[in-house]
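Notes for the structure review
Spelled out, the chains give:
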Amino acid sequence: MAMIRIESLVILSLALGLLEMTVSGASVSYDHRALVIDGKRRVLISGSIHYPRSTPEMWPDLIQKSKDGGLDVIETYVFWNLHEPTRNQYDFEGRKDLVRFVKTVAEAGLLVHLRIGPYVCAEWNYGGFPLWLHFIPGIKFRTDNEPFKAEMKRFTAKVVDMMKQEKLYASQGGPIILSQVENEYGNIDSAYGSAAKSYINWAATMAISLDTGVPWVMCQQSDAPDPIINTCNGFYCDQFTPNSKNKPKMWTENWSGWFQSFGGAVPYRPVEDLAFAVARFFQLGGTFQNYYMYHGGTNFGRTTGGPFITTSYDYDAPIDEYGLPRQPKWGHLKDVHKAIKLCEAALVATDPAVTSLGPNLEATVYKTGSGLCAAFLANFGAQSEATVNFNGNSYILPAWSVSILPDCKNVALNTAKINAAVVSPTFRRQYLKGNIVSPEAIQSDWSWVNEPVGISKNNAFTKVGLLEQINTTADVSDYLWYSLSIGIQEDESQTVLHVESLGHALHAFINGKLAGSGRGNSGNAKVALDIPITLTSGKSTIDLLSLTVGLQNYGAFFDTWGAGITGPVKLKGLKNGTTIDLSSQQWTYQIGLKGEELRLSSGSSSRWVSQSPLPTKQTLIWYKTNFNAPAGNNPVALDLTGMGKGEAWVNGQSIGRYWPTYISSNSGCTDSCDYRGSFSANKCLKNCGKPSQQLYVVFRSI
């Protein structure tokens, strides 16, 4: 564990001038072509920014950069477990201030899509559900279950009422033009049988009954009942068709990159491919497109899901984790948006007419009797450029590209041709205390506290058998101790300790000494260990520390997926050749660490030790130091290389889990990634053979 404090900081302030919100008492509806705001069809370009993944001080600048990049709408989830960590006790302060965030968007003159869910996925802990929900008698998540529906309706209504009280819906003069209920349920609804259909119909009826005055959507829900708009999520949605001829073609998640896991390389998506996907969507009738993410941000504290999702949620988004435009992605997409907006009048005035220009070549024309005309010329072949004739003119189309012609003649932009500058930000490294090169001098600035091995808290308890971790801890901590005292008759018995765990990581101690460790991964969280150990005659203590790294956030019945050491736990190969199964013994349990109980993360405890030498390369130690923030307003990050696995706090606030010793595979990365051809999450990877995450953001407002 590490606890790091900053002595003094200045507020990061890069906000530009704000513009007033222009929608006043607007009517929002839709037809088969587009959303209709005050009787006018709109082509809307949106981007996701999740308010708790940045700080309120950053919001104005992030939103202004989004506007400067050509966005009309900001999309965000609402995170139930963030706002109601305890049943009926709400928290909307600081980074959780949803109303402030929505108002900040409005002040910039942008619109809002509020995705209430309240299931969000989002690589967020437990998919956004609060853990107390799991313990309600008779509850079953996301199905036709009365206890679940009652809680879902209560929280959804709570959020809607908050927005109404602040007059934030467009029908009240506010910025919110869309709301979402449920989330990607169609991906897994078959697992719930016939109850899925009745549940989704109930969710739709419940949402409509809240009378927001704006349309509701369901993403990835092909059977979304009227008037709910079903929308598309994915790397490409140009082939998507709504489930009614009366609904517009909308894309709620265009994945601008991909999330990262501890133990994995860093995924990225070439901007040429992302621009191609956007242009193809508008070419084939789309009128609302959202980037997931436009700014990914940071998973503060223990908010990551997965499991194994990194603290960074950068997502290769157009605005990076630090709040800086990622070039050339931000700039090229800005150019794409400008070209599409030049076509808006034609796009919303009529339906597209599509013509083949040859193999993998296509022209789409939007033309009206009044003279409006816009065209898109696409080469969706992945191999070679092509020359096409269109309206008597010749056009060269690179492979996997779209040319946009706002007047059906002149090319405003080709998606494969980048004019934006390439900028690669770099960090200037600074030691925590000036220019120190002596290891002894560095150590003198650190304090530490040893975390006891095994049972050290008064609230420990005993149970027969091995307990599943999430049901035991209710996720109040990543940690659960399993402790057992056993008697061995043989002297100096050589044996093997066999431990099986549902995940996500564990340490095994024999008589207080570390004997072995294991960890799962994002593809398989389970851990199985066989550790050679020596047991002396008499009493020996086995202490197993199980660790979670974020709870499951996706999949059918994901709330029932367990964690922790559920066994078996065995001693194999004793001198007499026997195997002893310890799984059904009486174990002693401790939820959390002693240091958590002592609130060592505040830095104010009298238990900190400052004597030399500083203990290193040891398990279960809390560390503390002080440092001055670098001068200026540039982003600040901590390089935690040299640490093991744990959580870091700055001025008492958790900046997330760290795990720089979890190294990504040496294979799978390339020096360059060909944007041509369909993209997938593993197509373009970098940072192989290195820590999955090395730098951890420290915001100056902490």
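Residues numbered from 1 in each chain as written. Predicted model: local features only at pLDDT ≥ 70, side-chain atom pairs only at ≥ 80, totals over all residues. Heavy atoms only, no water.

**Thoughts on the overall build of the protein chain**
For the protein chain, the count of helices and strands is 11 helices and 37 strands. In terms of C-alpha radius of gyration, the protein chain reaches 28 Å, essentially the compact-globule figure of 27 Å for 702 residues. Expressed along its principal axes, the backbone C-alpha trace of the protein chain runs to roughly 95 × 60 × 50 Å. Counting all 702 residues of the protein chain, 59% fall into the buried class. Counted over contacts in the protein chain with a minimum sequence separation of 6, partners at least 24 positions apart contribute 72%. Surface summary for the protein chain: the accessible area is close to 27,100 Å², and the carbon and sulfur share equals 49%. If you average the places of the 61 positive and of the 60 negative side-chain charges in the protein chain, the two averages end up 1 Å apart. (Helix = DSSP H or I, 4+ residues; strand = E, 2+ residues; numbered from the N terminus. Rg over C-alpha atoms; globule rule 2.2 N^0.38 Å. Buried < 20%, exposed > 50% of the residue type's maximum accessible area, 1.4 Å probe, protein only. Contact = heavy atoms within 4.5 Å. Areas by Shrake-Rupley, 256 points an atom, 1.4 Å probe, with all protein chains shown as cover. Lys, Arg positive; Asp, Glu negative; His and termini not counted. Charge placed at Lys NZ, Arg CZ, Asp CG, Glu CD.)

**Concerning the confidence of the model for the protein chain**
For the protein chain, the average pLDDT comes to 93, and 94% of its residues sit at 70 or higher. Counted against residues more than four places away or in other chains, residues 2–23, with its pLDDT under 50, gives 83 contacts. (pLDDT = per-residue confidence, 0-100.)

**Regarding the side chain of T231**
Topologically, T231 is positioned in strand β10 (residues 229–234). One polar contact links T231 to T252, side chain to side chain, over a distance of 2.8 Å. Once residues within four sequence positions are removed from consideration, T231 is found in contact with V217, M218, C219, Q220, Q221, F240, M250 and T252. (Polar contact = N/O pair within 3.5 Å; in protein donor to acceptor, adjacent residues only side chain to side chain.)

**Structural notes on the packing of helix α6 (residues 271–283) against helix α7 (residues 329–342)**
For the pair α6 and α7, the least separation of the axes is 10 Å and the interaxial angle reads 20°. Compared by their axis directions, α6 and α7 come out roughly parallel. Our pair here, α6 against α7, has a crossing hand that is right-handed. Contact with α6, carried on its side by V271, L274, A275, V278 and F282, involves K329, H332, L333, V336 and I340 of α7 and no other residues of that element. Classifying every residue of the contact of α6 with α7 by side-chain character gives 8 nonpolar, 1 polar and 1 charged. (Axes fitted to C-alpha atoms, helices over the stretch in contact; angles between N-to-C directions. Parallel < 35°, antiparallel > 145°, perpendicular 65-115°, else oblique. Left-handed = near helix turned anticlockwise from the far one by under 90°. Nonpolar A, V, L, I, M, F, W, Y, C, P; charged D, E, K, R; others polar.)

**Comments concerning the environment of T76**
With respect to the element layout, T76 can be found in strand β6 (residues 73–77). In contact with T76, not counting residues within four places along its chain, are I49, H50, Y51, F101, H113, L114 and R115. Reaching out from T76, the side chain makes a polar contact with the backbone oxygen of I49 at a distance of 3.4 Å.

**Focus: unusual backbone geometry**
Here the bond from Y292 into M293 is cis, since omega is 5°, no more than 30 degrees from zero. Within the fold, M293 resides in strand β13 (residues 288–295). For the bond from G567 to P568, the omega torsion is 5°, close enough to zero to count as cis. In this structure, P568 sits in the loop between β28 (538–547) and β29 (569–572). The phi angle at D316 is positive, at roughly 55°, despite the residue not being glycine. Relative to the helices and strands, D316 is located in the loop between β13 and α7.

**Brief notes about the packing of aromatic side chains**
The geometry of two aromatic rings is summed up by the distance between their centres and the angle between their planes. Per the counting criterion, the structure on display carries 47 aromatic pairs. Arranged with centres 5.9 Å apart and planes meeting at 45°, the rings of Y291 and Y294 form a pair that is tilted. Residue classification places Y291 among the buried residues on the basis of a relative accessible area of 0%. In this structure Y294 comes out as buried when scored by relative accessible area, which is 0%. For the cation-ring pair, R142 lies above Y119, with the distance from its terminal atom to the ring centre recorded as 3.7 Å. Looking at K158, its charged tip hangs above the ring of Y90, at a distance of 4.3 Å from the centre. (Phe/Tyr/Trp six-rings, centres within 6.5 Å; stacked < 30°, edge-to-face > 60°. Lys NZ or Arg CZ within 6 Å of the ring centre and 35° of its normal.)

**Things to note about α6**
Every α-helical turn comprises 3.6 residues, leaving residues that sit three or four positions apart pointing alike. In this model, α6 (13 residues) spans 18 Å end to end at C-alpha, consistent with the 18 Å of a helix rising 1.5 Å per residue. Among the 13 residues in α6, 13 count as buried, and that is most of the element. Of the residues trailing α6, G285 is marked for its positive phi of about 105°. (Expected span 1.5 Å × (residues − 1).)

**As for the sheet that holds strand β20 (residues 413–414)**
Spatially, 5 strands are ordered β14-β15-β16-β19-β20 in an open sheet, and the strand pairing comes out antiparallel. The two strands at the open ends of the sheet, each matched to only one other strand, are β14 (353–358) and β20. Pairing geometry for strand β19 (residues 401–405) and β20, over 2 bridges, is antiparallel. The residue bridging S403 from the neighbouring strand is N414, located in β20. (Pairing = 2+ DSSP bridges.)

**Observations regarding the pattern of salt bridges**
In total, this model carries 30 salt bridges according to the counting rule given. Here K341 makes a salt bridge to E344, at a shortest N to O gap of 3.8 Å. Residue classification places K341 among the partly exposed positions, given a relative accessible area of 25%. Between E597 and K594 there is a salt bridge, with the nearest N and O atoms lying 2.8 Å from each other. In this pair, E597 and K594 are both assigned in helix α11 (residues 594–597), 3 residues apart and thus about one turn of the helix distant. On the basis of relative accessible area, E597 is assigned to the partly exposed category, the value being 39%. (Salt bridge = Lys/Arg side-chain N within 4 Å of Asp/Glu carboxyl O.)

**Structural notes on the sheet that holds strand β26 (residues 513–519)**
Taken in spatial order, the 6 strands make up an open sheet running β22-β31-β23-β28-β25-β26, and their pairing is antiparallel. Two strands in the sheet have a free side with no partner beyond their single neighbour: β22 (461–464) and β26. Each strand axis lies, on average, 25° off the axis of its neighbour in the sheet, ignoring direction. Here strand β25 (residues 505–510) pairs with β26 via 6 bridges, running antiparallel.

**Considerations on helix α5 (residues 195–209)**
Compared with the 21 Å implied by 1.5 Å per residue over 15 residues, the 21 Å span of α5 between its first and last C-alpha is a close match. Residues of α5 that are buried: A196, Y199, I200, A203, A204, M206 and A207. Mapping the buried residues of α5 onto a view down its axis gives an arc of 165°, with all of them on the same face. Positive phi shows up at D211, right after α5, with a value of about 55°. (Arc of directions from axis to C-beta.)

**A short note on the pairing of strand β11 (residues 250–255)**
Counting buried positions over the 6 residues of β11 gives 6, a clear majority of the element. Relative to β11, β10 is paired through 3 bridges, and the arrangement is parallel. When the sheet's bridge partners are listed, N233 is paired in β11 with E253.

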